[in-house]
Amino acid sequence: MIPPPPRSSEPTVAEAGAWADVLVRRRLLHAAVLTPTSQWLVQEYPDGPVRVLAGPADLLALTATIQHRTRSTRPESR
């Protein structure tokens, strides 16, 4: 797998918010809430623990982990 090119800027709150919406809508996360301090509260399952992420970069890192997990568990379609 070819690694993605390095980012030219830091992730924004808006970008993280868009990804959070997608993850919750697709039921890959139970909840993702932005706090006034730009931290994110995320919960994978309704009864699961709430994790505190420091900011947008941490939410995007979680998104990448979820994408990798999702793609690596799918059967090959070729």
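Throughout what follows, the structure given in this document is the object of discussion. As the structure is a computational prediction, the values presented were derived from the model and not from experiment.

1. Notes on the nonpolar core
Then, in step 1: Core analysis: the biggest nonpolar cluster contains eleven residues, these being A16, A20, L23, L29, W40, V42, L53, L59, L60, L62 and I66.
Then, in step 2: When contributions to this core are tallied by element, the ones reaching two or more residues are helix 1 (13–25), strand 2 (40–43) and helix 2 (56–73).
Then, in step 3: Excluding residues within four positions of it along the chain, V42 makes contact with L29, A31, A32, P49, V50, R51, L53, L59 and L62.

2. Focus: the pairing of strand 1 (residues 31–34)
Then, in step 1: Sheet topology note: the strand 1/strand 2 ladder contains four bridges and is antiparallel. Considered in strand 2, the bridge of V33 is made with L41.

3. Topic: the sheet that holds strand 3 (residues 51–53)
Then, in step 1: Pairing is antiparallel in the open sheet, where three strands are placed in the order 1-2-3. The open sheet terminates on both sides in strands that have one partner only, identified here as strand 1 and strand 3. Going across the sheet, the axis of each strand differs from the next one's by a mean of 20°, ignoring polarity.
Then, in step 2: When strand 2 meets strand 3, the two strands line up antiparallel, connected through three bridges. By the bridge assignment, L41 is partnered in strand 3 with V52.

What counts and what doesn't
Residues numbered from 1 in each chain as written. Predicted model: local features only at pLDDT ≥ 70, side-chain atom pairs only at ≥ 80, totals over all residues. Heavy atoms only, no water. Core = buried A, V, L, I, M, F, W, Y, C linked by side-chain atoms within 4.5 Å. Buried < 20%, exposed > 50% of the residue type's maximum accessible area, 1.4 Å probe, protein only. Helix = DSSP H or I, 4+ residues; strand = E, 2+ residues; numbered from the N terminus. Contact = heavy atoms within 4.5 Å. Pairing = 2+ DSSP bridges. Axes fitted to C-alpha atoms, helices over the stretch in contact; angles between N-to-C directions.

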